[in-house]
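Results of the structural survey
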Amino acid sequence: MSENNPRKIILDCDPGHDDALAIMLATASPELELLGLTTVAGNSLVENTTRNALIVLDMVNRADIPVHVGAVKPLLRELRTAASMHGDGGLDGPVPAAPSRPADDGSVLEFIEKTLTDAAEPITLVATGPLTNIAAVVTELPHLHHKIAELVFMGGAIELGNWTPAAEFNILVDPEAADIVMNSPIKKTMIGLEVTHEAWLDDSHANELRGTGQCGDFVAELLDHFVGFHQQRFEWPGAPIHDAVTIAHLIDPSLVTTIFTNVTVETQSELTLGRTVVDVYSVTDKSPNVHVGTHINRDQFVTLLMSRLASHS
Ligand code: RIB
Ligand code: CA
């Protein structure tokens, strides 16, 4: 893909501070064409993640990009949110204006089915929240699997979780959906915590953007909240911008190193619910099904993200 032939993507998200930066990175990158956002309950209620998605698109002057409202809860389980991290509204910190428009009519499934059907070339799906919507797509649209170039999703971990000792938040919220997606035949790339925990920004990055314009101030205020939370809760130097790594990976595939191996999801155990079991050493006879991120070039990621964020006025 290149600027002359941008990769067409649909981003399924639950904004969320890092989702917001993923949207801003995607809309600042000529290598990508963001065909639409679909929203899911996760970091906050879906009405909040939808409002936040609309606000972020207004912020980058892209109210032309459609936003379709998705799942209000996981497939089987009750919703758990990350209000402790992102705030009750899902985007604590900045106090932006209300969205300039409502979400678009039509379901996520209708939007994705029409978009895939009409596409001349396969489209890339990106997911940065629980995989509830994506599970519906791969289940209900088997006749369109060939029109999905790949799914790049932020979720899971090879080792430690971040919401329980065993599980990363996106997978934990809807483990049944994640299990369906892992067992689907589409190409999948997992951007998990081993990669995203290296992809952090700190106060210096917030201050670099502050005062550079409306978008710069918006990002600085997002980071003030998100960095402050991680410094206080985990005593880390900064906040991992988890979701932006999915977009950065599509812009520059050299950033993230991956291995192709088997990933299965724990859906039964109370203790380890939502764990992604990654067969790094191929010790099982299970076939490889996911390209799993193992390392990231942190400096290159930060340079890319900061330069693209700074390009928004
Ligand atoms: O575990 C990190 C993930 O959970 C990110 O997508 C963040 O936005 C939250 O949804
Ligand atoms: Ca997210």
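Look up: the structure comes first, before these words.
Let me sum up the structure you'll find in this document. Here the residue numbers are simple positions, counted from 1 along each chain's written sequence. Going through the entries in the order they are written, you letter the chains from A and number the ligands from 1. Given that the model is predicted, a residue must reach a pLDDT of at least 70 before its local features are reported, and side-chain atom pairs must reach 80 or more before they are shown or counted; all residues, however, enter totals for whole chains, interfaces and linings. Side-chain measures here rest on the full set of heavy atoms in the structure, leaving out hydrogens and waters.

**Considerations on the coordination of the calcium ion (ligand 2)**
Within the protein, the calcium ion (ligand 2) binds to Asp-14 (OD), Asp-19 (OD), Asp-19 (OD), Thr-128 (O) and Asp-243 (OD); these donor distances fall in the range 2.2 to 2.6 Å. Only N, O and S atoms count as donors, using a 2.8 Å limit from the metal and a wider 3.2 Å limit for Na, K and Ca, and since water is excluded some coordination spheres may look unfilled. Mapping the donors of the calcium ion (ligand 2) onto the primary sequence yields the spacing D-x4-D-x108-T-x114-D. Of the two residues, Asp-19 sits in helix H1 (residues 17–26) while Asp-243 sits in the loop between strand E8 (239–240) and helix H11 (244–251), which places them 224 residues apart along the sequence. Counting from the N terminus, the helices are DSSP H or I runs at least four residues long and the strands are E runs at least two residues long.

**What about the sheet that holds strand E9 (residues 256–261)?**
Each strand in a sheet pairs with another by means of backbone hydrogen bonds, the pair being arranged parallel or else antiparallel. Reading across from one edge, E3-E2-E1-E4-E5-E6-E12-E9 is the order of the 8 strands in this open sheet, with mixed pairing throughout. Across the chains shown, the open sheet's two edge strands, defined by having one partner strand only, are strand E3 (67–69) and E9. For this sheet, the mean angle separating the axes of adjacent strands, direction not counted, is 25 degrees. We treat two strands as partners when DSSP finds at least two bridges between them. The pairing of strand E5 (residues 148–154) with strand E6 (residues 188–191) spans 4 bridges and is parallel. Its bridge partner lying in E6, Leu-151 is registered against Lys-188. Across the sheet, helix H4 (residues 108–118) is in contact with strand E1 (7–13), strand E2 (32–39), E3, strand E4 (123–127) and E5; its angle to E2 comes to roughly 155 degrees. Note on contacts: a residue pair qualifies if any of its non-hydrogen atoms lie within 4.5 Å across the two residues. Axis definition: a line fitted to C-alpha atoms, over the contacting stretch in the case of helices. Angles run 0 to 180 degrees between N-to-C directions. Along the sheet face, H11 touches E1, E2, E4, E5, E6, E9 and strand E12 (290–296) and points at about 140 degrees away from the line of E5.

**Re a nonpolar patch on the surface**
Where nonpolar side chains cluster on the molecular surface, the patch consists of Leu-75, Leu-76 and Ile-180 and spans about 270 Å² of accessible area. For Leu-76, the position within the fold is in the loop between E3 and helix H3 (83–86). To sort residues, take the accessible area from a 1.4 Å probe on protein chains only and compare it with the maximum for the residue type: under 20% means buried, over 50% means exposed, and anything in between is partly exposed. For Leu-76, a relative accessible area of 64% puts it in the exposed group. For patches, a residue must show more than 30% relative accessible area and have no salt bridge; joins then use 9 Å for like charges and 5 Å for nonpolar side chains, namely Val, Leu, Ile, Met, Phe, Trp and Tyr. A 1.4 Å probe and the Shrake-Rupley method give the accessible areas. Residues count as covered only by the protein chains that appear here. The working definition used for a salt bridge is a side-chain nitrogen of Lys or Arg within 4 Å of a carboxyl oxygen of Asp or Glu.

**Here we look at the site of ligand 1**
Among the 13 residues in the neighbourhood of ligand 1, the closest are listed as Asp-18, Thr-128, Asn-162, Glu-168 and Asp-243. Whenever two N or O atoms come within 3.5 Å, that pair is a polar contact, provided that in protein one can donate a hydrogen and the other can accept it, and provided that, for residues adjacent in sequence, both atoms are side-chain atoms. Within the side chain of Asn-162, an N or O atom sits 2.8 Å from an oxygen atom of ligand 1. Within the side chain of Asn-170, a nitrogen or oxygen atom sits 3.0 Å from an oxygen atom of ligand 1. Its free accessible area being 280 Å², ligand 1 has 98% of it covered by the protein chains. Sorting the residues of the shell around ligand 1 by element identifies H1 and helix H6 (169–173) as the ones contributing at least two each. All residues other than Ala, Val, Leu, Ile, Met, Phe, Trp, Tyr, Cys, Pro, Asp, Glu, Lys and Arg, Gly among them, are scored as polar; the first ten of these are nonpolar and the last four charged. Grouping the amino acids of the shell around ligand 1 by side-chain chemistry returns 2 nonpolar, 6 polar and 5 charged. Residues are counted as near a molecule or strand when any one of their heavy atoms sits within 4 Å of it.

**Quick notes on the pattern of salt bridges**
All told, the structure shown has 8 salt bridges when counted by the stated rule. Put simply, Lys-8 and Glu-33 hold a salt bridge, and the shortest N to O gap is 3.2 Å. You can see Lys-8 sitting in strand E1 and its partner Glu-33 sitting in strand E2, a full 25 residues away along the chain. Under the relative-accessibility criterion, Lys-8 is labelled partly exposed at 35%.

**Details of the environment of Leu-250**
Looking at where Leu-250 falls in the secondary structure, it is placed in helix H11. What makes Leu-250 buried here is its relative accessible area of 6%. Between the C-alpha atom of Leu-250 and that of Thr-38, which follows or precedes it by 212 residues, the distance is 18 Å. Beyond its immediate chain neighbours, meaning those up to four positions away, Leu-250 contacts Arg-7, Ile-9, Leu-32, Thr-124, Val-126, Glu-150 and Val-152.

**Details of the pairing of E12**
Here E12 lies mainly inside the structure; 5 of its 7 residues are buried. As defined by bridge partners, E6 adjoins E12 across 2 bridges and the pair is classed as parallel. What sits directly across from Met-190, in E12, is Val-292. Note: E9 against E12, 6 bridges, orientation antiparallel. Residue pairing in the sheet places Val-256 in a bridge with Ile-296 of E12.

**Re the environment of Lys-187**
With respect to the helices and strands, Lys-187 occurs in the loop between helix H7 (175–182) and E6. Its relative accessible area of 40% is what places Lys-187 among the partly exposed residues. Other than its neighbours up to four places away in sequence, Lys-187 contacts Ala-149, Glu-150, Leu-151 and His-291.

**Remarks on the packing of aromatic side chains**
Note on aromatic pairs: the rings of Phe, Tyr and Trp (six-membered ring only in Trp) are paired at centre separations within 6.5 Å, and the planes decide the class, stacked below 30 degrees, edge-to-face beyond 60, tilted for the rest. Inspection of the entire model under this criterion finds 3 aromatic pairs. Pairing Trp-163 with Phe-169 gives two aromatic rings, centres 4.8 Å apart and planes at 65 degrees, and the pair type is edge-to-face. Taken together, the ring pairs in this structure connect Phe-229, Phe-234 and Trp-236 into an aromatic cluster. The ring of Phe-234 carries the charged tip of Arg-233 above its face, separated from the ring centre by 4.8 Å. Over the face of the ring belonging to Trp-200 we find Arg-298, whose NZ or CZ atom lies 3.7 Å from the ring centre. Charge-over-ring contacts are defined here by two conditions on Lys NZ or Arg CZ: a distance within 6 Å of the ring centre and an angle within 35 degrees of the ring normal.

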